[in-house]
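Below, each chain spelled out in residue letters.
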Amino acid sequence: MADARRSRHPVVELTLARFRILIREPEAFFWAFVFPILMTVALGIAFRAAPAGIVPVAVVQGAHAAHLVAVLEREPSVDAFTIGRAEVYITLRDGRAHLVVEPGTPPVYRYDPTRPENRLARLLADGALQRAAGRSDLWAARDEPVATPGGRYVDWLVPGLLGMNIMSTGMWGIGFSVVMQRSRKLLKRLVATPMRRSHYLIALVAARLAFLVLEVGVLVVFARFFFGVPVEGSLGALAAVSVLGAMAFGGISLLTASRARTAEGVSGIMNVVQAPMWICSGVFFATSNFPDAVQPIIQALPLTALIDALRGVMLNGDTLAVLRGELGLLGGWTAASFAVALRIFSWR
Amino acid sequence: MPSAVRCSGLVKRYGDVVAVAGLDLDIAPGECFGLLGPNGAGKTTTIEVLEGLLEPDAGEVQVLGLRWATDGDALRQRLGIHLQESQFDERLSVRETLDLFRSFYAAGHAVDGVLALLGLEGKANTWVSRLSGGQRQRMAIGCSLVGKPDVLFLDEPTTGLDPQARRQVWEIVDRFRGRGGTVLLTTHYMDEAEVLSDRVAVIDNGRVIACGPPRELVSTLGAGHVIAFALDPAAGEPPDFAEGLEALPGVRSARREAGGWSLTASSLHTAMPSLMRLAADGGWSLSSLTTRTATLEDVFVSLTGRHLRDG
Ligand SMILES: Nc1ncnc2c1ncn2[C@@H]1O[C@H](COP(=O)(O)OP(=O)(O)OP(=O)(O)O)[C@@H](O)[C@H]1O
Ligand SMILES: [Mg+2]
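Heads up: these notes are all about the structure in this document. (Residues numbered from 1 in each chain as written. Chains lettered and ligands numbered in written order. Predicted model: local features only at pLDDT ≥ 70, side-chain atom pairs only at ≥ 80, totals over all residues. Heavy atoms only, no water.)

Focus on helix H5 (residues 133–145) of chain B
Over its 13 residues, H5(B) runs 19 Å from end to end, which matches the ideal 18 Å to within 8%, given 1.5 Å per residue. Burial analysis of H5(B) places 11 of its 13 residues in the buried class, which makes it a mostly covered element. Contact partners of the buried residues in H5(B): helix H7 (186–191) of chain A together with strand E5 (79–82), helix H3 (94–103), helix H4 (111–118), strand E6 (151–155) and helix H6 (163–178) of chain B. (Helix = DSSP H or I, 4+ residues; strand = E, 2+ residues; numbered from the N terminus. Expected span 1.5 Å × (residues − 1). Buried < 20%, exposed > 50% of the residue type's maximum accessible area, 1.4 Å probe, protein only. Contact = heavy atoms within 4.5 Å.)

Things to note about the side chain of Asp318(A)
All names here are of chain A. Tracing the backbone shows Asp-318 in the loop between helix H12 (302–316) and helix H13 (324–344). No salt bridge forms around the buried Asp-318; measuring N to O, its nearest opposite-charge neighbour Arg-324 is 10.0 Å away. Contacts of Asp-318, omitting those with residues within four sequence positions, involve Gly-312, Val-313 and Leu-323. (Lys, Arg positive; Asp, Glu negative; His and termini not counted. Salt bridge = Lys/Arg side-chain N within 4 Å of Asp/Glu carboxyl O.)

A look at the pattern of salt bridges
Evaluated as defined, the whole model comprises 27 salt bridges over all chains. For Glu192(B), the salt bridge is made with Arg166(B), and the minimal N-O distance between the two is 3.7 Å. Here the residue Glu192(B) occupies a position in helix H7 (residues 190–196), and Arg166(B) occupies one in helix H6, the gap between them amounting to 26 residues. For the pair shown, Glu192(B) and Arg166(B) are each scored as buried. When salt bridges with common partners are traced through the structure, they connect Glu75(A), Arg131(A), Arg135(A) and Asp137(A) into a single cluster.

Focus on the sheet that holds strand E10 (residues 225–231) of chain B
Residues and elements named next belong to chain B. Here we have 4 strands laid out as an open sheet, ordered E11-E12-E10-E13, and antiparallel in their pairing. Lying at the two open borders of the sheet, with one neighbouring strand each, are strand E11 (251–257) and strand E13 (286–293). Neighbour-to-neighbour, the strand axes of the sheet open up by a mean angle of 20°, direction not taken into account. Note that E11 and strand E12 (residues 260–265) share 6 bridges and pair antiparallel. (Pairing = 2+ DSSP bridges. Axes fitted to C-alpha atoms, helices over the stretch in contact; angles between N-to-C directions.)

What to know about the packing of helix H6 (residues 153–183) of chain A against H12(A)
For any two helices packed against each other, the geometry comes down to the angle between their axes and how far apart the axes lie. All names here are of chain A. Running from N to C, H6 and H12 point in directions that differ by 140°, and their axes come no closer than 9 Å. The orientation of H6 relative to H12 falls into the category oblique. Our pair here, H6 against H12, has a crossing hand that is right-handed. Side by side, H6 and H12 meet where Asp-155, Trp-156, Val-158, Pro-159, Gly-160, Leu-162, Gly-163, Met-164, Ile-166 and Met-167 of the first sit next to Leu-303, Leu-306, Ile-307, Leu-310, Arg-311, Met-314 and Leu-315 of the second. A class-by-class count of the residues in the contact of H6 with H12 yields 13 nonpolar, 2 polar and 2 charged. (Parallel < 35°, antiparallel > 145°, perpendicular 65-115°, else oblique. Left-handed = near helix turned anticlockwise from the far one by under 90°. Nonpolar A, V, L, I, M, F, W, Y, C, P; charged D, E, K, R; others polar.)

So, the coordination of the magnesium ion (ligand 2)
All names here are of chain B. With distances of 1.8 to 2.2 Å, the protein atoms coordinating the magnesium ion (ligand 2) are Thr-44 (OG1) and Gln-84 (OE1). Of this pair, Thr-44 sits in helix H1 (residues 43–50) while Gln-84 sits in the loop between E5 and H3, placing them 40 residues apart in sequence. Residue classification places Thr-44 among the partly exposed positions, given a relative accessible area of 22%. What makes Gln-84 partly exposed here is its relative accessible area of 36%. (Donors = N, O, S within 2.8 Å, 3.2 Å for Na, K, Ca; no water.)

Notes on the interface of chain B and chain A
The partner chain A presents 30 residues to the 35 residues of chain B that form the contact. Taking both partners together, chain B and chain A bury about 3100 Å²; carbon and sulfur atoms supply 57% of that area. Its largest share of buried area at the contact with chain A, chain B owes to Leu53(B), Arg91(B) and Phe104(B), together 20% of the area lost on that side. Here chain B is connected to chain A by 5 salt bridges. In this structure, the salt-bridge partner of Arg91(B) is Glu25(A), at a minimum N-O distance of 3.4 Å. Remark: the boundary between chain B and chain A carries 12 residue pairs in polar contact (both at pLDDT 80 or more). Mapped by element, the contributors of at least two residues to the side of chain B that touches chain A are helix H2 (68–78), H3, H4 and H5 of chain B. Broken down by element, the side of chain B that touches chain A gets its largest block of residues, 6 residues, from H3(B). In terms of residue class, the side of chain B that touches chain A is built from 15 nonpolar, 9 polar and 11 charged. (Buried area = accessible area lost by both parts, 1.4 Å probe. Polar contact = N/O pair within 3.5 Å; in protein donor to acceptor, adjacent residues only side chain to side chain.)

A short note on helix H2 (residues 26–46) of chain A
Residues and elements named next belong to chain A. Over its 21 residues, H2 runs 28 Å from end to end, which matches the ideal 30 Å to within 8%, given 1.5 Å per residue. In the structure, H2 departs most strongly from a straight axis at Val-34, where the bend amounts to approximately 35° and where the proline Pro-36 lies between one and four residues downstream. Buried within H2 we find Ala-32, Phe-33, Pro-36, Ile-37, Met-39, Thr-40, Leu-43 and Gly-44. Elements that come into contact with the buried residues of H2 comprise H6 and helix H8 (197–227). (Bend = angle between axes of the 7 residues up to and from the residue.)

A closer look at the nonpolar core
Core analysis: the biggest nonpolar cluster contains 106 residues, and Tyr200(A) and Leu98(B) have the highest contact counts within it. In terms of nonpolar packing, the next biggest core, distinct from the first, is built from 31 residues, Leu10(B), Ile47(B), Ile81(B) and Val151(B) among them. (Core = buried A, V, L, I, M, F, W, Y, C linked by side-chain atoms within 4.5 Å.)

Some thoughts on the site of ligand 1
Residue and element names in this part refer to chain B. The environment of ligand 1 is formed by 14 residues, the closest being Asn-39, Gly-40, Lys-43, Thr-44 and Thr-45. Measuring from an oxygen atom of ligand 1, one finds a side-chain N or O atom of Thr-45 at 2.5 Å. Residue assignment for the shell around ligand 1 shows that the elements contributing at least two residues are strand E2 (17–27) and H1. The residue makeup of the shell around ligand 1, split by class, is 5 nonpolar, 7 polar and 2 charged. (Near = heavy atom within 4 Å.)

Re the environment of Arg256(B)
Residue and element names in this part refer to chain B. Tracing the backbone shows Arg-256 in strand E11. By relative accessible area, Arg-256 is classed as exposed at 53%. When the C-alpha atoms of Arg-256 and Phe-241 are compared, they prove to be 9.9 Å apart, with 15 residues separating the residues in sequence. When near neighbours in sequence (up to four residues on either side) are disregarded, Arg-256 contacts Glu-237 and Trp-261.

Side note on the sheet that holds E5(B)
Residues and elements named next belong to chain B. Pairing in this open sheet of 6 strands is mixed, and the strands run E5-E6-E7-E3-E8-E9 from one edge to the other. The open sheet has two edge strands with one neighbour each: E5 and strand E9 (207–212). In this sheet, neighbouring strand axes are inclined to one another by 15° on average, regardless of whether the strands run parallel or antiparallel. Strand direction decides the pairing type here: E6 and strand E7 (residues 182–187), joined by 5 bridges, are parallel. Note that in E7 the partner of Phe-153 across the bridge is Leu-184. The sheet strands contacting H2 are E5 and E6, and the helix crosses E5 at an angle near 85°.

This is the structure:
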């Protein structure tokens, strides 16, 4: 029964084992591959550029309502209809009309000025009604439509989803599985063998990076072919940014998992760590929506830096030199989190 | 010949709890040594100190003549360790798990050979999640055998298994011993200790309360048989009943048990007739009566007044 076949290097075996566990976990597969694609499809369709905007405008029933509808309908992009007086609020709230016109001299416009589409409807309707009342335009400007690739919401969204994905797969793929091994006393069992602890940790990172290739590849290729989302910069830069992002979240994840003993415990910590970044780091809407006072914090978050860098590479074609600020921040997170995690990591 | 495993004056505390309270063991190469004791006796704590997984608060440990403080790496290469509670990754196959553990050792067995030894050739490519309890346990033991160890530590290798699965584990241990391996195992099954061990140490409250070959320990009882009986509850019980029983010829001791009485007897052919006579004279009736050969369990009971399973 002597060993004829030389066995593989422990780092290779440990990496293989970890990679197999990751890809054989149906949940991991769903969250890493299916979920981002579903999000891209759903949001990409929901927020696609509205087809040369039909603007719905409602007219409150009354003496001159029919005349006003006819005048408004003459404006090509306006769709006008009448509603009852009691429906004004609901119609606006539900977006069935972007503007409600009450007949009169002058007419009354009811709309929500915080909604851009309402303000647009007011401009269009006002122009049409004034022209019908006798105002004449000074000129007719020549329109030249320009397509701006990379400027749609889906183009902006995909790097955000990519960053979010790199964060959550890193957190779950490393932190959660380490804690599972600890709570099932497998970590202790491994430590009882001659396994080197450094080999275990190297394998964690190696398996994570192998998974990253699939994870980033699938989403980028899907977004490219189904939505034409560009990668303006080099693939090398995209890879470098992704790897550094995965390392930063690998370190943070190892840190959250370094002492936790139960799956429930570590899930709680990881949600607390991730939730602010899901909201604030610009996955779905720009970080500039938050007040200036909290901007320094938001800009220091690793997910903000990762997503900014991904958008830089994919949408602006930035080189790594341009992104040195973001990359430096990610590198700092990586170094600090690994340094602390390795110091306090519990092997039993 | 030097010892395979030796410890002296071992102490391990958890806060106020003294898990191991001054324990000495000396296990010879090639020996199979059993630690027998009830729940919480300190078996796991002892074996984990010997395995280098826990630091003792006091005492000396030597394994294969080496010490954990200075020779940890060399020692781990030569030991096979099975922990009581470890669960392996569910989504790896049996072969993948064994390959992984094999890779940690500089020298060892071919995984195919170990699969054959475990009787798991047919399950080589099955995920751990799809194994039965007995198959999982055999694989776990296999993980401690792939490194071709000199000493095998088994912490409760058969707890929770059915009799057939337990016998399969015993066979694996036997074959390991057949090649000259040393085994230290813990169990709270007395039959397991009797079948596998050359010597056992009976442990209670962190101390060795008896140590020796199973048969010798049983013979120290001076009584090879146990008679258990119950009285018809309607009849009531005579006063000074225990003294009356112990005075019977051939009976060494009498104990009240849940649901009846238990006598240890040196010879059945004198104890049984005198017990029957006592019953007839007293006019009480027996509702049950069984006899069996004395075991390590009875040794434990006579030393502590408790059963192994009482915890
Ligand atoms: N990590 C721990 N923290 C505190 N007390 C502990 C710890 N581990 C064990 N003990 C205590 O030490 C004593 C011995 O425990 P140990 O696990 O060694 O018993 P055991 O003989 O292996 O029991 P079992 O048959 O149930 O496995 C028990 O009283 C237990 O409560
Ligand atoms: Mg135990």
